[in-house]
Amino acid sequence: MASSEGFLTEEQRETLKIASQSVEAALPSPRLSSSPKSPPSLVSDHQLKVPAGGKAPTGGIAVRHVRRSHSGKFVREPYQLVGSTISDPLDEYKKAVVSIIEEYFSTSDVEVAASDLKDLGSSEYHPYFIKRLVSMAMDRHDKEKEMASVLLSALYADVISPSQIRDGFVMLLESTDDLAVDILDAVDILALFVARAVVDEILPPAFLTRAKKTLPETSKGYQVLQTADKSYLSAPHHAELLERRWGGSTHVTVEEVKKKIAELLREYVENGDTFEACRCIRELGVSFFHHEVVKRALVLAMEIQTAEPLILKLLKEAAEEGLISSSQMVKGFARLAESLDDLALDIPSAKNLFQSIVPKAISEGWLDASFTKSPFEDGEAQKEDIKLRRYKEEVVTIIHEYFLSDDIPELIRSLEDLGLPEYNPVFLKKLITLALDRKNREKEMASVLLSALHIEIFSTEDIVNGFVMLLESAEDTALDILDASNELALFLARAVIDDVLVPLNLEEIASKLPENCSGSETVRMARSLIAARHAGERLLRCWGGGTGWAVEDAKDKIMKLLEEYESGGVVAEACQCIRDLGMPFFNHEVVKKALVMAMEKKNDRMLDLLQECFNEGLITINQMTKGFTRVKDGLEDLALDIPNAKDKFSFYIEYAQKKGWLLSSFTVEALPSAAAS
């Protein structure tokens, strides 16, 4: 019989061995262990009872029960390891946070709750805390609901990261159907929590749109987001209404605290009484919210520059008294650093003023020097670091949505909405890193997406730099993904086959890497893959012949449908064939091939097809312009076979712009002169 010993750790096996020997020595008769039939290894002969689910015991001793049969003989029973079982860390965490939440609801002490949660550790489980806090509050009075919202604001960034807040709310939305079984108005209550989180700036407004895409439209979680958006966040004066919806029963609402902070700072600037100002700050009783005092004080110092010495004196005094903690001071400065761009619209010198205040605060000892750790030397770098961190959080969500929806145009729109093209290499690194840890379907989707991004919004330089970043960290990646080097080589080689990179780019990537690093070896492997026989076909199918093969297949289908249309086909049928391709990000290929065919066949019917595609919304103006751009880029070569190609193309540009389906920025002047050919 197979032993259950495989479930045990080495330490547990040793415990079992020692315990077994002890029990053998304690048996009533040596004859029980000297039988010829007794095996040398008791562990392999007797079934070891382990708890259901395969969880191994941790402590205790192995006990062999000896009983008398009805005939009076001693009978040995199998060993059982007596002791406690290994507990699931997540289960332990969930139990602990229930106690923290119950105590918080009893005491209203935000600081103790925050401290207890920090002491608990296991920060990776914080989304479960969000879910448990809100779900427990949902089934209680308005007082607890308000307390839960206030606690979330207090924990935000200091204890629980923004991404964990989002993950926690996603978990709540996914479990709304279950919550509604016990809480009849669960949809409405959770919608209030979501809307309140947006008002309190712990969830971005875009959370609602993105979360909707991950939920079935028939789910109650989807209804929650609809209600939050339409019933609460769209209402006039919604912020004030949401702040008071549950009565502000935790003494004062966040909005009221902000007003009181503004008032006490204004009074301080007028009377200069530091002692009185510190007393007012202390009386607010919201030490978890002191970062707001810091931020507002600094803004006031910028608005009224003559008051700067007074403001800095107050902050220094509050820090030295221990009234404002070091972490709250840093958080206040960090929040201001994040909003400097907006602040500069009202106070043009805001950035310079901030950069002059930071070194003063550090030199006087009331702002931790870690605030300016390299690369933050002048305030700008930390703001850049914050921006990059937020970008990474956003693109992880975007990539996960893409893996679920396979919607390339939506992903491109999301990236354009972020408006940070300088981080395109970071996106590439994150995309492939996430795909590496998934199935072939996602790897194929990542390769197809790279082709689309290169055509739409990524430059070759972006792609090269992204792969350099990826290969620089290849050794770390290999710690989590054993076959990372081989798969990265496939991604590189596939990028060359897809015309995202050219072979020379591999040399450029290699030149930016240390000679003997694993990334350099990956580039060499990619070169070998490309040089192999039938490399194109093999690499197009390297992830199992998924959607990537469809790009090559689509080119053939586009050519066939255009040839059929050119020889007398119907416009409606041609449009339907384009629609059936299901690759809207690749419609620029239709435009390019249609224009080239119109030149070759001297058949301007192709323009009618493009006009109809635009009228139906089948091909966007951006895809039209991209197609025209690709023709323009190859016009010199086309002119070798079609002598009047440039004249014809000039006519097509004029026609398309007149009809409104080509961007006016696409100028005829940008073309080489027809006479020159």
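Refer to the preceding data block for the structure.
What comes next concerns the included structure. This is a predicted model, so every value here is computed, not measured. Think of each chain on its own: its residues are numbered from 1, step by step along the sequence as written. Local features in this predicted model are restricted to residues of pLDDT 70 or higher, and side-chain atom pairs are both shown and tallied only at a pLDDT of 80 or more, whereas totals for entire chains, interfaces and linings draw on every residue. Note that water and hydrogens are dropped before the side-chain values are worked out from all heavy atoms of the structure.

This part takes up the overall build of the chain. Each helix is a run of H or I in the DSSP string that is no shorter than four residues. Each strand is a run of E no shorter than two, and both are numbered from the N terminus. Scanning the chain from terminus to terminus reveals 36 helices and two strands. Summary of the burial criterion: residues with accessible area below 20% of their type's maximum are buried, those above 50% are exposed, and those between are partly exposed, where the area comes from a 1.4 Å probe applied to protein chains only. For the chain, the proportion of its 677 residues judged to be buried stands at 45%. Only heavy atoms enter the contact rule, under which two residues are in contact if any of them lie within 4.5 Å. In the chain, once contacts between residues fewer than 6 apart in sequence are set aside, the share between residues at least 24 apart is 73%. Total accessible area computed for the chain in this model is approximately 33,400 Å², and 50% of it derives from carbon and sulfur atoms. Residue burial considers only the protein chains on display, and all accessible areas are found by Shrake-Rupley using a 1.4 Å probe.

Attention now moves to the packing of aromatic side chains. Stacked, tilted and edge-to-face pairs are distinguished by plane angle, under 30 degrees for stacked and over 60 for edge-to-face with tilted covering the rest, among Phe, Tyr and Trp rings (Trp via its six-membered ring) whose centres lie within 6.5 Å. Tallied over the entire structure, the rule returns 14 aromatic pairs. Taken together, a centroid distance of 6.0 Å and an interplanar angle of 85° make the contact between Phe427 and Phe458 edge-to-face. Highlighted residues: Phe427 in helix H22 (residues 424-436) and Phe458 in the loop between helix H23 (440-456) and helix H24 (460-472), separated in sequence by 31 residues. The same class applies to Phe427 as to Phe458, namely buried. Both rings, one in Phe651 and one in Tyr655, keep their centres 6.2 Å apart while their planes meet at 40°; by these two values the pair is tilted. Of this pair, Phe651 and Tyr655 are both found in helix H36 (residues 645-659), four residues apart, which corresponds to roughly one turn of the helix. Under the relative-accessibility criterion, Phe651 is labelled partly exposed at 38%.

Lines fitted to the C-alpha atoms define the axes, with helices restricted to the stretch that makes contact. Angles between their N-to-C directions range from 0 to 180 degrees. Between helix H3 (residues 89-107) and helix H5 (residues 126-138), the least distance of the axes is 10 Å, while the angle of their chain directions is 45°. As far as their axial angle goes, H5 and H3 are oblique. In this structure, H3 meets H5 at a crossing whose hand is right-handed. Residues Leu90, Tyr93, Lys94, Val97, Val98, Ile101, Glu102 and Phe105 of H3 form the contact with H5, whose participating residues are His126, Tyr128, Phe129, Arg132, Leu133, Met136 and Ala137. Gly counts as polar in this scheme, as do all residues outside two lists: the nonpolar Ala, Val, Leu, Ile, Met, Phe, Trp, Tyr, Cys and Pro, and the charged Asp, Glu, Lys and Arg. A class-by-class count of the residues in the contact of H3 with H5 yields 11 nonpolar, one polar and three charged. By definition in this entry, angles of less than 35 degrees are roughly parallel, angles greater than 145 are roughly antiparallel, angles of 65 to 115 are roughly perpendicular, and the rest are oblique. Definitions for this section: a left-handed crossing has its near helix turned counterclockwise from the far helix by less than a right angle. A right-handed crossing has that turn clockwise.

Any Lys or Arg side-chain nitrogen found within 4 Å of a carboxyl oxygen on Asp or Glu counts as a salt bridge. Across all of its chains, the model carries 27 salt bridges by this definition. Glu146 is the salt-bridge partner of Arg196, the closest N and O atoms lying 2.8 Å from each other. Taken together, the residues span a long stretch of sequence, with Arg196 in helix H9 (residues 186-199) and Glu146 in helix H6 (residues 142-155) at a distance of 50 residues. For Glu146, a relative accessible area of 0% translates into the label buried.

With that settled, consider the side chain of Lys258. When you line up the elements, Lys258 lands in helix H13 (residues 254-271). Dropping the residues within four chain positions of it, Lys258 is found in contact with Phe289, Glu292 and Arg296.

To continue, consider the state of the cysteines. Here, disulfide denotes a covalent bond that connects the sulfur atoms of two cysteines. What counts as a disulfide here is a pair of cysteine sulfur atoms lying within 2.5 Å. What the rule picks out here adds up to zero disulfides. Summary of cysteine pairing: Cys577 is not part of a disulfide, and the nearest cysteine sulfur, belonging to Cys575, is at 9.3 Å. Just so you know, Cys613 is unpaired, no disulfide at all, and the nearest cysteine sulfur is the one on Cys575, 4.0 Å from it.

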